[in-house]
Structures are given as C-alpha cells and as structure tokens.
There are 2 protein chains.
Amino acid sequence: MAEALEGRRSRRTATLASLAAELGVSRTTVSNAYNRPDQLSPALRRRVLDTARRLGYPGPDPVARSLRTRKAGAVGLLLTEALSYAFRDPVAVQFLEGLALACEDNGSGLLLVPVSPEADDPGAVARAGVDGFVVYSMPDDDDNFHAVLERPVPVVVCDQPTAVPDVDRVGIDDHAAMVDMARHLAGLGHRRVGVLCMRLSTERNDGFASVERQQRARYEVQRRRLAGLREGFAEAGVDWSAVPVVERYDHSESAGASAAEQLLAQHDVTAIVCTSDILALGALRHARTAGRAVPDEIAVTGFDGVPAAERAELTTIRQPTLDKGRAAGELLLDRGDRQRSRTLLLPTELLARATSGPAREFR
Amino acid sequence: MAEALEGRRSRRTATLASLAAELGVSRTTVSNAYNRPDQLSPALRRRVLDTARRLGYPGPDPVARSLRTRKAGAVGLLLTEALSYAFRDPVAVQFLEGLALACEDNGSGLLLVPVSPEADDPGAVARAGVDGFVVYSMPDDDDNFHAVLERPVPVVVCDQPTAVPDVDRVGIDDHAAMVDMARHLAGLGHRRVGVLCMRLSTERNDGFASVERQQRARYEVQRRRLAGLREGFAEAGVDWSAVPVVERYDHSESAGASAAEQLLAQHDVTAIVCTSDILALGALRHARTAGRAVPDEIAVTGFDGVPAAERAELTTIRQPTLDKGRAAGELLLDRGDRQRSRTLLLPTELLARATSGPAREFR
DNA sequence: ATGAAAGCGCTAACAT
DNA sequence: ATGTTAGCGCTTTCAT
C-alpha cells in the first residue's frame with residue numbers, strides 16, 4: 001500500500017528497455033506493442049503488455065516520446081494577466097471555451113502557461129513543452145510575448161499586439177466598432193460624453209487619461225477603441241480634447257463603478273461610453289446607487305456582449321469571442337503548408353438596448 | 001521574412017551542442033549560460049547569448065530538458081466532460097480558478113488533457129507530459145481515470161470517485177449537506193417533494209430514476225446527495241420510494257426546465273429539490289413560465305452556490321468551489337515527503353433564501 | 001514480424 | 001570557471 005503510493009510518486013521503475021530485456025525482445029517490439037499493434041502478433045503483444053503490468057511498467061514515457069517525435073501534443077496559452085485571471089473574466093472564459101473546442105477536435109492538450117506579471121521571468125514560456133502558442137491580448141513590448149516569439153514554433157495572436165511580422169492573428173475591427181458606437185450616441189443627441197477605459201499601460205494609473213496618454217497606450221485594443229470614438233464623435237462636431245477619459249487598472253465591476261463616480265464628480269455628461277461590458281456594468285451600478293436614471297438622465301454603453309450585459313439590457317458591441325478562440329486554435333492547428341501569415345477579422349454588431357436613449361436635451 | 005516564418009515553424013536549427021562547437025566551449029558552459037548564470041563569467045555568458053542570437057538558437061529545448069530533469073513543470077487536469085465543458089460550467093470555472101491560483105504560486109503550468117467522451121482513447125492521458133494529475137469529478141470506473149492511475153505520478157481527486165487507495169482527495173460531505181436541505185424543507189412542512197438530479201450513469205437516461213437506479217448510480221456525488229435527501233426526509237416520515245426523481249444527462253438550465261416540467265406533469269409536489277444550481281435555475285424558469293408561484297406554490301432549491309443562484313435568491317447549499325480547486329493544487333504540489341494519502345473535506349453551508357418557504361398546507 | 005543502430009537535445013555529477 | 005562523461009527513455013529507418 002505504502003509501496004503503491006511510492007510507485008505513484010514519480011519513481012520510474014521499469015523502462016521500455018528493461019522490459020525488452022526481460023522479455024528477450026528488442027525495444028522496437030515493445031514500442032510497437034504500444035504504438036503500432038498491427039506490427040506484431042497479438043500473442044506477443046499480449047505477452048508484452050502482461051509483462052509490463054507485472055513489472056509495473058507504466059507505458060512509454062510521454063516526455064521521452066515527445067523528444068523523439070518532436071511533438072508535444074499541446075498548445076500553449078499566454079495571457080496578459082496571471083493564469084487564474086483567465087477564469088475570472090467572462091470574456092476570457094468564452095475565448096478559452098472556443099480555443100478548447102479547437103484543441104479537442106485536434107486531440108491537442110491546452111497548456112496554460114504560468115506567467116506572473118510581477119516576476120518578469122519569461123522562463124515559464126521557454127520551459128513550456130508545446131507545439132505552438134496562442135497569445136491572448138498582450139500589451140505591446142511584453143517580455144513574455146517576446147519569449148514566445150523566440151520559440152521556434154507557430155504563434156497565433158488574439159487581438160493584440162497587431163502587426164507582428166509572420167504571426168497569424170485573429171481579432172475584430174475595434175476602431176470601426178467604436179465609430180459605430182459613437183455614431184449611435186451622437187445620433188441620439190449626445191455631445192457631452194465621458195469614457196471609461198481599461199488600463200493603458202502596465203503601470204497603474206487610476207484616473208483621467210490625457211489625450212497624449214491615450215495615444216501612447218501600450219494596449220492596442222484600447223488605443224483603437226478610443227481612436228474610433230474620437231473619430232465617430234468628431235463627425236458630430238465633438239471636440240475630443242474636451243472628452244474626459246477615466247482609466248482603471250483593474251478590470252472589475254467595482255473599478256467601473258468607481259470610475260463612473262470619479263467621472264461624474266467632475267463632468268456633467270449625458271453618456272458614459274465604456275470600453276468593456278464589465279466596466280459598463282459597474283457604471284450602471286454606480287448610476288443606480290447615485291440615483292441617476294439610465295437611460296433617461298444618462299446613457300451607459302459597453303463592449304463585448306457578455307451574458308450579464310444582456311441581462312442588464314446594456315447597449316453594447318457584441319463580438320464573437322468564442323469564435324475568436326476557436327479560430328485561433330484552428331489557425332494554429334490546421335495550418336497546412338501555408339507560408340504567408342494570416343489575419344482573420346471577425347464581425348461585430350452594435351446592440352442598441354435599454355441603457356442608451358435620447359440625450360436629456362432631446363427628450 | 002519568409003525565412004523568419006520558416007524559422008518559427010518548428011524547424012530547429014541550432015542546438016546547444018552546435019552552439020558549443022561554434023563557440024569552442026563545452027555544452028555544460030552553454031547550458032550554464034542559460035540555467036546558472038553565476039557559474040560562468042559575465043563576459044563569456046554575453047558571448048554565448050550573443051552567438052546564440054546570431055545562430056538563431058532559441059535556447060534549451062524544453063522537452064529535452066524535461067526528459068533530463070524528470071520534471072515537466074505542469075499539472076494535468078482530467079475532467080468528466082469534453083475539455084471545453086470546463087469553461088461552460090460555472091462551478092468548473094470556479095474550481096479551475098482555484099487550481100490555477102495554486103499552480104501560479106508554484107510556477108506550474110496547467111495542462112488541460114483533451115479527453116473526448118466518445119472516443120474512449122485513454123491515449124491522451126498517457127501522452128500528457130505532466131508531473132501529476134488533478135482529477136475533477138469523474139464517474140466510477142472511468143477509462144481515462146484508470147489511465148491516470150497507471151501513470152507513476154501523484155494524483156489528487158476532487159469530489160469523485162472517493163475511496164481510491166493511495167490517492168489524495170478534496171471534497172465536501174455531500175450526504176450531510178443534503179440531510180440539512182431535507183430537514184430545512186421538512187421543517188417548512190414539505191412532505192410531497194420531487195427531485196431533479198444530474199446524470200446517474202454514462203448512458204443517457206432523461207426521465208424518472210428508480211430507487212434502484214439511484215443506488216446503482218455511477219456518480220458518487222449524485223448517489224450521496226440522493227441518499228442524504230432520503231435520510232433527511234425519512235426523519236420527517238417521508239417514504240422515499242414515493243418520491244419522484246427526474247434525471248437529466250445534460251447539465252444545463254434548459255435540462256432543468258424540462259425536468260421540472262416532466263416532474264410537475266405527473267406529480268403534485270410542494271418542493272423541487274435539485275442537486276445543482278443550474279438545474280434549479282432551470283426549474284425556476286419553468287415555474288415562472290408555467291405560472292407557478294415560487295415559493296408560495298412551490299419551493300425550489302439548488303446546490304453549489306454559484307453567483308447566478310445568488311442573483312435569483314435561490315435557496316441552496318454553498319460549497320467552497322474555489323477553495324476546492326486551490327486545495328487540490330496544493331495537495332498535489334506541496335506534498336512534502338508525506339507517505340499517507342490525505343482526504344480534505346471542506347465545509348458547506350445551507351443558504352435559506354427566497355425560493356423556499358412554508359409548504360402550501362402550512363400557509 | 002522482429003531487431004540493430006542511431007540519435008532526439010539536454011543536464012548533472014564529477015573532475016580540473 | 002570550465003570541461004568530461006554518461007545517460008534521461010524513447011522512436012524510427014533500414015535490415016533481416
């Protein structure tokens with residue numbers, strides 16, 4: 001009993017070679033017994049497998065096999081945040097579901113690479129035994145991302161960074177989507193608007209973000225969404241330099257709520273545009289708490305189209321997150337002998353729901 | 001450019017040995033340049049790294065390193081369902097978050113093993129390059145689980161199967177929790193009750209489950225929860241053989257809704273006890289659709305304590321799902337030289353909320 | 001149907 | 001601080 005436990009505790013006892021010796025056959029034969037049953041007589045195969053069981057041989061070591069075959073049988077996933085964040089953000093979860101679907105179809109494992117934002121040890125990436133990487137939404141100039149690019153395996157990026165030479169990418173047109181949103185609100189008469197956005201750099205800055213900071217943002221997605229809003233509102237004559245943009249480092253409802261509070265404390269706006277549903281849900285919560293009627297007094301919009309946004313009847317941009325995950329996986333796994341890198345832009349959709357309506361002045 | 005792509009496409013060009021040859025140093029030195037910077041002069045290290053870059057050497061191959069060091073740097077996760085299910089079930093997502101937290105702390109990767117319920121090829125388990133496995137809620141006698149036990153690495157089971165010799169386990173007292181729930185309802189006067197449960201075997205059976213089927217269930221958790229209910233209601237004089245139990249293979253709200261419908265079509269009960277929140281949420285939805293007032297006309301209870309249950313004010317049993325995940329990871333990763341296997345039972349809590357109230361007869 | 005030979009690419013004693 | 005030696009455990013042509 002204690003011995004069985006011991007046996008399970010990584011003490012490899014028999015090897016393919018020792019088993020072959022015991023049986024008086026070659027290693028090839030033993031290997032074939034596991035990997036190519038048709039290459040040897042059923043009787044011999046039985047004998048091999050029985051002896052294996054008797055000797056406690058657990059079958060070919062997967063790592064040794066991977067070394068030999070040069071296939072790990074797994075896809076690595078690199079995330080912006082700590083590993084566990086993947087399960088906290090509903091958008092990430094959706095993306096992962098799609099990616100997992102693609103892996104499943106391919107019989108590939110999915111290895112979540114343990115990156116710690118603090119310890120900038122890109123070692124984990126270098127140590128990951130994978131056949132390729134999917135990179136989910138990383139800032140420009142990220143060490144871990146660079147480490148991924150060093151690895152001689154295919155890479156697919158989701159969302160950001162864009163424009164990495166020779167790397168496939170799947171994403172959406174963040175700019176165009178936000179131009180749409182701006183037009184939607186401008187069409188409802190909104191001119192005095194405020195914006196809540198996600199972090200723009202890797203250093204924490206919870207507060208207003210200057211136009212310069214917006215343009216220098218290290219997160220391309222945020223940069224493009226803000227630029228889209230700027231362009232869309234410009235069409236309606238809104239001077240962007242007067243539009244307050246509040247940034248939050250953490251991506252959570254409470255961050256959204258506090259950002260909304262900070263915004264409204266200093267600016268009299270008729271609409272709060274958020275660059276994510278989570279932030280918008282927080283803004284909604286603050287509006288309710290503060291007794292600001294939505295959408296009568298103030299409009300609130302999101303981005304992503306998560307289930308909770310639907311329940312809240314949030315006006316938002318729906319993006320096909322699950323499809324992005326699946327497409328990323330397929331791009332990585334089904335690549336034939338394709339030489340050129342590909343970029344896949346998936347469609348988005350403006351969902352005008354109950355949290356946006358005519359601006360106060362127009363009611 | 002095309003060459004850079006080619007380079008990324010798994011054609012390993014330089015190796016540690018060729019780099020050493022080029023430099024005229026030993027392989028050890030090159031290895032040290034990467035793994036033990038303190039073992040060689042900074043100047044030499046620079047030279048090694050520079051030459052590596054020039055030659056396109058991507059650093060030590062992780063698989064070869066794993067073979068040599070006998071460490072994969074990753075934990076494998078085995079799930080009941082297809083891989084992607086992990087991201088669809090909120091309870092699984094929570095568990096994974098906890099597990100990821102433990103992995104993170106340990107610098108371990110998390111490998112989701114691609115098991116397909118259909119193709120009973122336990123090969124994926126055998127091929128996973130991991131230092132140990134976490135097994136999440138598997139039925140008794142599962143092929144993939146057996147394959148895990150064959151591997152000479154530590155294993156931690158969450159929930160089920162219980163009582164596997166020499167394997168650590170983390171779980172809750174499902175039986176006791178449901179005794180509590182039965183007492184809660186019985187205390188409110190409920191005597192005519194019905195139950196909605198999750199699948200009891202790997203073959204689909206969407207319909208009523210006989211007492212015998214309940215007792216033969218291959219899913220220990222369901223078996224224990226039903227047994228707990230039986231015991232708890234027995235204290236109030238309820239004859240279990242007259243209690244209708246409706247089983248659903250799929251775990252989804254719509255499964256819960258249809259099960260509730262099936263139950264109510266044939267039985268006049270004052271309470272529907274569900275073995276999961278998801279099923280209960282579905283039952284709630286059906287009750288609303290069918291115009292049955294909850295809790296006035298009928299009580300509905302769940303199990304798990306997911307966020308959606310809180311929003312619905314569902315009476316349920318809260319279990320510390322995230323903690324289970326973290327504990328499973330810690331049990332696997334922080335095992336000292338412990339010889340005995342351990343079982344960790346985490347506490348649960350009955351949350352009496354708005355979906356349970358006095359039985360009709362007692363109002 | 002089975003075997004022999006030749007590595008896959010690396011690290012860890014142990015020397016020097 | 002650097003080199004020597006000795007594998008880690010396996011698969012895969014190519015022969016027989």
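Residues numbered from 1 in each chain as written. Chains lettered and ligands numbered in written order. Predicted model: local features only at pLDDT ≥ 70, side-chain atom pairs only at ≥ 80, totals over all residues. Heavy atoms only, no water.

Caption draft 1: Inspection of the environment of Met198 of chain A at higher detail. Residue and element names in this part refer to chain A. Tracing the chain through its elements places Met198 in the loop between β6 (193-197) and β7 (207-208). Separated by 51 residues in sequence, Met198 and Tyr249 have C-alpha atoms that sit 6.2 Å apart. If we ignore the near neighbours within four places in the chain, the residues touching Met198 are Gln222, Glu247, Arg248, His251, Thr275, Ser276 and Leu279. (Helix = DSSP H or I, 4+ residues; strand = E, 2+ residues; numbered from the N terminus. Contact = heavy atoms within 4.5 Å.)

Caption draft 2: Representation of the protein's contact with DNA strand C in the model. The immediate surroundings of DNA strand C are formed by 29 residues, with Thr28 and Thr29 of chain A together with Leu16, Tyr57 and Arg68 of chain B found nearest. Per the 4 Å cut-off to the protein, sugar and phosphate atoms form 63% of the nearby atoms of DNA strand C. Ser26 of chain A has a polar backbone atom sitting 2.8 Å from a phosphate oxygen of DNA strand C. In the environment of DNA strand C, a phosphate oxygen lies 2.7 Å from a nitrogen or oxygen atom belonging to the side chain of Thr29 of chain A. For the surface near DNA strand C, a count of residues per class yields 8 nonpolar, 12 polar and 9 charged. (Near = heavy atom within 4 Å. Polar contact = N/O pair within 3.5 Å; in protein donor to acceptor, adjacent residues only side chain to side chain. Nonpolar A, V, L, I, M, F, W, Y, C, P; charged D, E, K, R; others polar.)

Caption draft 3: Geometry of the relation of the copies chain A and chain B. The two copies are related by a screw motion: chain A maps onto chain B through a turn of 180° and a shift of 0.1 Å along the axis, at an RMSD of 0.1 Å. With respect to symmetry, the two chain copies, as superposed, fit the operation of a two-fold axis. Looking at the rotation axis and the C-alpha trace of chain A, the residue lying nearest is Leu111 of chain A, at 2.1 Å. Taken as a fraction of all interface residues of chain A, those also at the interface in chain B reach 98%, which identifies the copy contact as same-surface. (Least-squares fit on C-alpha atoms with pLDDT ≥ 70 in both.)

Caption draft 4: Fine view of the UniProt feature "domain: HTH lacI-type" (unreviewed entry) in chain A. In the UniProt entry, the feature "domain: HTH lacI-type" (unreviewed entry) is given for residues 14-69 of chain A. With 70% helix and 0% strand, residues 14-69 of chain A has end C-alpha atoms that lie 21 Å from one another. (UniProt positions renumbered as here; feature names shortened; annotations may be inferred.)

Caption draft 5: Examining the packing of helix α2 (residues 16-23) of chain B against helix α4 (residues 42-55) of chain B more closely. Residue and element names in this part refer to chain B. As a packed pair, α2 and α4 sit with axes 10 Å apart at the nearest point and diverge in direction by 115°. Taken as axis vectors, α2 and α4 run roughly perpendicular relative to one another. Of the two elements, α2 crosses α4, and the hand of that crossing is right-handed. Here Leu19, Glu22 and Leu23 of α2 come into contact with α4, specifically with Arg47, Val48, Thr51, Ala52, Arg54 and Leu55. Split into classes, the residues belonging to the contact of α2 with α4 amount to 5 nonpolar, 1 polar and 3 charged. (Axes fitted to C-alpha atoms, helices over the stretch in contact; angles between N-to-C directions. Parallel < 35°, antiparallel > 145°, perpendicular 65-115°, else oblique. Left-handed = near helix turned anticlockwise from the far one by under 90°.)

Caption draft 6: View of the interface of chain A and chain B. Of the residues lining the interface, 62 residues belong to chain A; the matching set on chain B comes to 62 residues. Here chain A meets chain B over a buried area of about 5200 Å², counting both sides, of which 58% is carbon and sulfur. Between chain A and chain B we count 6 salt bridges in total. Of the charged contacts, one joins Glu150 of chain B and Arg53 of chain A as a salt bridge, the two residues approaching to 3.8 Å between their closest N and O atoms. Across the contact surface, chain A and chain B share 10 residue pairs in polar contact (both at pLDDT 80 or more). Within the residue set of the side of chain A that touches chain B, elements represented by two or more residues are α1 (2-8), α5 (62-69), α6 (90-106), β2 (109-112), α7 (123-127) and α8 (143-150) of chain A. It is α6 of chain A that contributes the most residues to the side of chain A that touches chain B, 7 residues altogether. Among the residues forming the side of chain A that touches chain B, the class breakdown is 31 nonpolar, 10 polar and 21 charged. Summarising the sheet, β2 of chain A and strand β2 (residues 109-112) of chain B pair through 3 bridges and their orientation is antiparallel. Looking at β2 of chain B, one finds that Leu110 of chain A is bridged to Leu112 of chain B. (Buried area = accessible area lost by both parts, 1.4 Å probe. Salt bridge = Lys/Arg side-chain N within 4 Å of Asp/Glu carboxyl O. Pairing = 2+ DSSP bridges.)

Caption draft 7: Just the sheet that holds strand β6 (residues 193-197) of chain B, in detail. All names here are of chain B. In space, the 5 strands of this open sheet follow the order β7-β8-β6-β9-β10, with mixed pairing throughout. Each having just a single partner strand, β7 (207-208) and β10 (299-301) make up the two edges of the open sheet. Judged from the 3 bridges that link them, β6 and strand β8 (residues 245-247) form a sheet pairing that is parallel. By the bridge assignment, Leu196 is partnered in β8 with Val246. The strands touched by helix α11 (residues 220-234) within the sheet are β6, β8 and β9 (271-274), with β6 carrying the most contacts at an inclination of about 170°. Along the sheet face, helix α12 (residues 253-266) touches β6, β7, β8 and β9 and points at about 150° away from the line of β6.

Caption draft 8: Quick look at the environment of Gly232 of chain A. All names here are of chain A. Take Gly232: it is sitting in helix α11 (residues 220-234). The class for Gly232 is buried, based on a relative accessible area of 1%. Separated by 43 residues in sequence, Gly232 and Thr275 have C-alpha atoms that sit 14 Å apart. Discounting chain neighbours no more than four positions away, the residues touching Gly232 are Val179 and Ala182. (Buried < 20%, exposed > 50% of the residue type's maximum accessible area, 1.4 Å probe, protein only.)

Caption draft 9: Geometry of helix α3 (residues 27-35) of chain B. Residues and elements named next belong to chain B. Turning to α3, its buried residues are Thr29, Val30, Asn32 and Ala33. For α3, the arc enclosing every buried residue in end-on projection is 160°, short of the 170-degree limit, so these residues lie on one face. For α3, the exposed residues set more than 90 degrees away from the buried face come down to Arg27 and Thr28. Buried residues along α3 sit in contact with α2 and α4. (Arc of directions from axis to C-beta.)

Caption draft 10: Representation of the protein's contact with DNA strand D. Around DNA strand D lies a shell of 30 residues, among which Leu16, Tyr57 and Arg68 of chain A together with Thr28 and Thr29 of chain B are the nearest. When atoms of DNA strand D within 4 Å of the protein are sorted by moiety, sugar and phosphate together comprise 61%. One of the side-chain nitrogen or oxygen atoms of Arg65 of chain A is found 3.1 Å away from a phosphate oxygen of DNA strand D. Arg68 of chain B is positioned with one of its side-chain polar atoms (N or O) 3.0 Å from a base nitrogen of DNA strand D. Element by element, the count of residues in the surface near DNA strand D is highest for α5 of chain A, at 5 residues.

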